[in-house]
Amino acid sequence: MSSAPNGLFAYPPIVQAPMAGGASCPPLAAAVCEAGGLGFLAGGYKTADGMYQEIKRLRALTRRPFGVNLFLPQSSHADPAALEVYRGHLANEAAWYGISLADEDIIGTSDDGYDAKLAILIEDPVPVVSFTFGLPSPAAFTCLRKVGTYTIATVTSVEEARAAQAAGADAVCVQGVEAGGHQGTHRDDPQGDGTAGVGLLALVAQVREAVALPIIAAGGLMRGSQIAALLAAGAEAAQLGTAFLACPESGAHPLHKKALTDPLFVRTELTRAFSGRPARGLVNRFMREHGPYAPAAYPQVHHLTAPLRKAAAAAGDPQGMALWAGQGHRLARALPAGELVEVLAAELGAAQNALKAMQMRSAS
């Protein structure tokens, strides 16, 4: 089993998820790191220089280990005709907000600046790098290991976990279907919509028996007692995203933070409405009206809907925003990030002590 750098998964074994789009900002990551957890920056949707500048800001705020997440390049199988149909479907939405949808070409591939970002992380190493939407080459894993970086691959199935181990990842982040935001599947299969995805507890147990890598469990986790259950199932640490969204240090929009516990938003669903790839968010008007018509076209749909999401936020309308959230969103607590880590650690300790007491009673 790969060994993590000293203190990486020390107590509390809590990882703050890298949430692209601004939520995982340097102040949030630094606060988590300073409290003993592992804070993460999201490299997705940023330029290579933008990512580098955030790393510099984070280094000025903490000297503790932290991570950076990268999106793997996506091959484009988008149907231009389907995208144009969806653009037309969104015309009334654009008119409602008084904007015009961008008419530049959104067809083609998108690498999210992956090569440039990877080059920066090899030239100026960070403690941890994780990958989403696929696996880097074995050579990339080797290069990162040589410069002292610990690597984590996001996986959503046993098959993906085995592939990550074969490619040379140091650990896997096992993402259950309960997780908020994008599902980190290595291959986007439209035929699996509505049926794909395994619950986190079952998936961790399956992956534990399939690979010899450390497991970080992610998906719907909001309480220390849940973390205890995942550690008992074989995980070394837990990754939480939605739990940190409501923190004052989070870069999430205030409307997004408020919506997590707003009685108006009672459930989450997986949708392609905002990005063209399955992602879990609070069910709102945009998701209900446009989700059934969104094509499997990531990141083209993401770029197409960007001005709509921006206009909705500017208008103070959460019904038009992408309100990413995991299934446990109603349990969100608007605590400072460092305090939240401490509370989670206390809950984890209490749950573990209760389990030990139960085992002692059973053995006596």
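Report on the accompanying structure.

Definitions and limits used
Residues numbered from 1 in each chain as written. Predicted model: local features only at pLDDT ≥ 70, side-chain atom pairs only at ≥ 80, totals over all residues. Heavy atoms only, no water. Helix = DSSP H or I, 4+ residues; strand = E, 2+ residues; numbered from the N terminus. Rg over C-alpha atoms; globule rule 2.2 N^0.38 Å. Buried < 20%, exposed > 50% of the residue type's maximum accessible area, 1.4 Å probe, protein only. Salt bridge = Lys/Arg side-chain N within 4 Å of Asp/Glu carboxyl O. Expected span 1.5 Å × (residues − 1). Arc of directions from axis to C-beta. Contact = heavy atoms within 4.5 Å. Axes fitted to C-alpha atoms, helices over the stretch in contact; angles between N-to-C directions. Parallel < 35°, antiparallel > 145°, perpendicular 65-115°, else oblique. Nonpolar A, V, L, I, M, F, W, Y, C, P; charged D, E, K, R; others polar. Phe/Tyr/Trp six-rings, centres within 6.5 Å; stacked < 30°, edge-to-face > 60°. Core = buried A, V, L, I, M, F, W, Y, C linked by side-chain atoms within 4.5 Å.

**What to know about the overall build of the protein**
Along the protein, the regular secondary structure elements total 14 helices and eleven strands. Whereas a compact globule of 364 residues would reach a radius of gyration of roughly 21 Å, the protein reaches 20 Å, a difference of no more than 12%. Seen along its three principal axes, the alpha-carbon backbone of the protein occupies a region of about 70 × 45 × 40 Å. For the protein, with 364 residues in total, the buried portion stands at 55%.

**Concerning the pattern of salt bridges**
Counted under the stated rule, the structure contains twelve salt bridges. Close ionic contact of R272 with D188 constitutes a salt bridge, the shortest N to O distance being 2.8 Å. Of this pair, R272 sits in the loop between β10 (268–271) and β11 (279–282) while D188 sits in the loop between β7 (181–182) and α8 (200–210), and the two are 84 residues apart along the sequence. A relative accessible area of 6% places R272 in the buried class.

**What to know about helix α2 (residues 48–61)**
Helix length check: α2 (14 residues) gives 20 Å between terminal C-alpha atoms against 20 Å at 1.5 Å per residue, within 8%. Along α2, the residues classified as buried are A48, M51, E54, I55 and L58. Viewed along the axis of α2, the buried residues span an arc of 125°, placing them on a single side of the element.

**Some thoughts on the environment of S225**
The residue S225 is located in helix α9 (residues 224–232) in this model. Here S225 falls in the partly exposed class, since its relative accessible area comes to 44%. Distance from S225 to G349, taken between C-alpha atoms, is 8.4 Å for residues 124 residues apart in sequence. With residues up to four places along the chain from it excluded, the contact list for S225 reads E347 and A351.

**Structural notes on the packing of helix α5 (residues 114–123) against helix α6 (residues 138–146)**
Axis separation between α5 and α6 bottoms out at 9 Å; the angle between their running directions is 30°. The angle between α5 and α6 places the two elements in the roughly parallel class. Side by side, α5 and α6 meet where L118, L121 and I122 of the first sit next to A140, C143 and L144 of the second. Partitioning the contact of α5 with α6 into residue classes produces six nonpolar, no polar and no charged.

**Points about the packing of aromatic side chains**
In the structure shown here, the tally under the stated rule is six aromatic pairs. Taking the centre distance of 5.4 Å and the plane angle of 80° together, the rings of Y45 and F71 count as edge-to-face. Taken together, the residues span a long stretch of sequence, with Y45 in the loop between β2 (39–42) and α2 and F71 in strand β3 (residues 66–71) at a distance of 26 residues. Centre to centre, the rings of F274 and F286 are 4.6 Å apart; their planes meet at 20°, and the pair counts as stacked. Taken together, the residues F274 in the loop between β10 and β11 and F286 in helix α12 (residues 285–290) connect sequence positions twelve residues apart. Comparing F274 with F286, the two get one shared label, buried.

**Considering the nonpolar core**
Counting 95 residues, the largest nonpolar core has V174, V207, L240 and F244 as its most contacted members. Excluding anything up to four places from it in sequence, F244 contacts I14, V15, Q16, M19, L28, V32, S250, A337, L340, V341 and L344. In terms of nonpolar packing, the next biggest core, distinct from the first, is built from 13 residues, V128, I152, A171 and A237 among them.

**A look at unusual backbone geometry**
The residue after Y298, namely P299, is reached through a cis peptide bond having omega 10°. Along the chain, P299 turns up in the loop between α12 and α13 (300–314). Backbone geometry at D112 places phi at a positive 55°, although glycine is not the residue there. Assignment of secondary structure puts D112 in the loop between α4 (91–97) and α5.

**Comments concerning α5**
Of the positions making up α5, those classed as buried are Y114, K117, L118 and L121. Along the axis of α5, the buried positions cluster into a sector of 100°, meaning they face one direction only. Across α5 from its buried face, at more than 90 degrees, point the exposed residues D115 and E123. As for α5, its buried residues are in contact with α2, β3, β4 (128–132) and α6.

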